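Chains, contacts and geometry: an overview
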Amino acid sequence: MELASETPRIRGIEKTLWVGLCLPSLLVLGFAFLYPLLASIWSSVIHEGSLSLVHYSRVYKLYRQDVAFTLGVALSGLVLVLLVGLPVCGYLRLRTFRTVEFLLKVPLFVPFVVVGHAMRVFLSPHGTLNGFLLMAGLLDPQHPPSLASSWVGLAMALAWKHM
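The notes below deal with the structure included here.

What counts and how
- Residues numbered from 1 in each chain as written.
- Predicted model: local features only at pLDDT ≥ 70, side-chain atom pairs only at ≥ 80, totals over all residues.
- Heavy atoms only, no water.
- Helix = DSSP H or I, 4+ residues; strand = E, 2+ residues; numbered from the N terminus.
- Rg over C-alpha atoms; globule rule 2.2 N^0.38 Å.
- Buried < 20%, exposed > 50% of the residue type's maximum accessible area, 1.4 Å probe, protein only.
- Contact = heavy atoms within 4.5 Å.
- Areas by Shrake-Rupley, 256 points an atom, 1.4 Å probe, with all protein chains shown as cover.
- Axes fitted to C-alpha atoms, helices over the stretch in contact; angles between N-to-C directions.
- Parallel < 35°, antiparallel > 145°, perpendicular 65-115°, else oblique.
- Left-handed = near helix turned anticlockwise from the far one by under 90°.
- Nonpolar A, V, L, I, M, F, W, Y, C, P; charged D, E, K, R; others polar.
- Core = buried A, V, L, I, M, F, W, Y, C linked by side-chain atoms within 4.5 Å.
- Polar contact = N/O pair within 3.5 Å; in protein donor to acceptor, adjacent residues only side chain to side chain.
- Patch = residues over 30% accessible without salt bridge, like charges linked within 9 Å, V, L, I, M, F, W, Y side chains within 5 Å.
- Salt bridge = Lys/Arg side-chain N within 4 Å of Asp/Glu carboxyl O.

Turning to the overall build of the protein chain, a few remarks are in order. Looking only at helices and strands, one finds six helices and two strands in the protein chain. The helix and strand sequence of the protein chain, counted from the amino end, reads α-β-β-α-α-α-α-α. Rg of the C-alpha trace for the protein chain: 27 Å, well past the compact-globule value of 15 Å for 163 residues, more than 25% over. Viewed in the frame of its principal axes, the protein chain has a C-alpha envelope of about 85 × 60 × 25 Å. Looking at the protein chain residue by residue over its 163 residues, the buried ones come to 15%. Of the contacts formed within the protein chain by residues at least 6 apart in sequence, a portion of 52% connects residues at least 24 apart. Of the roughly 13,400 Å² that the protein chain leaves accessible, carbon and sulfur atoms contribute 73%.

Rendered as structure tokens:
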């Protein structure tokens, strides 16, 4: 009977101890992340001492093409993933091979920076892909295409990364 009456008191002390142990980390998070975030949001809607969206209209004018390009590349990558990835996943769901399963997990552990550099090398005018196409006689050596700096190359990199 005595143990049952002490249990809520011990749990309360334990909860207080855990809050005390977590509080320094939460304060650092608040000062290092939340305060600058809220200050940035607040300063973005203030212009000459009053509330205004003038900064957002300037951002829209300057970056609307960049945002549209980014959305286009992301949607292209999504379409590639859906068109290629879904049938492959369906097939692999029915028939699985350990080697193929391992190879499909590799992109999960490759950082985006590495994928970007690898695709830039693979898709450049004198890169790996064009080298193979040149050896197969499918490419004009005087005018090799460069997919590395186009939205097609970016969409291919995103699709590979997300499959």
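Picking up after the structure, the text goes on.
Between helix α4 (residues 112–123) and helix α6 (residues 151–162), the shortest axis-to-axis distance is 10 Å and the interhelical angle comes to 130°. By the criterion of interaxial angle, the relationship of α4 to α6 is oblique. Crossing of α4 against α6: the hand is right-handed. Residue-level inspection shows Phe112, Val115, Met119 and Leu123 of α4 in contact with α6, the latter providing Gly153, Met156, Ala157, Leu158, Trp160, Lys161 and His162. Taken together, the residues that form the contact of α4 with α6 break down as eight nonpolar, two polar and one charged.

Here we take up the packing of helix α2 (residues 54–94) against α6. Where α2 meets α6, the axes come as close as 8 Å, and the angle between the chain directions of the two elements is 50°. In terms of axis orientation, α2 runs oblique to α6. Here α2 runs over α6; the crossing is right-handed. Within the contact between the two elements, α2 uses Phe69, Val73, Ala74, Ser76, Gly77, Leu80 and Val81 and α6 uses Trp151, Leu154, Ala155, Met156, Leu158, Ala159 and His162. Residue composition of the contact of α2 with α6, by class: eleven nonpolar, three polar and no charged.

Counting residues in each nonpolar core, the largest one holds five residues, listed as Val110, Val115, Met119, Leu123 and Ala157. If you tally residues by element for this core, the top one is α4, at three residues. Non-local contacts of Leu123, meaning those with residues more than four positions away in its chain, are made with Leu129, Pro145, Ser146, Leu147, Ala148, Gly153 and Met156.

Okay, the side chain of Asn130 next. For Asn130, the location among the structural elements is in helix α5 (residues 128–135). Only 3.1 Å separates the side chain of Asn130 from the backbone oxygen of Ser124, close enough to count as a polar contact. Excluding residues that lie within four positions of it along the chain, Asn130 makes contacts with Ser124, Pro125, Leu139, Pro144 and Pro145.

As a further point, take a nonpolar patch on the surface. On the surface, Leu23, Leu26, Leu27, Leu29, Phe31, Phe33, Leu34, Tyr35, Leu37, Leu38 and Ile41 cluster together to form a nonpolar patch covering roughly 1,100 Å² of accessible area. Topologically, Leu26 is positioned in helix α1 (residues 2–44). Here Leu26 falls in the exposed class, since its relative accessible area comes to 52%.

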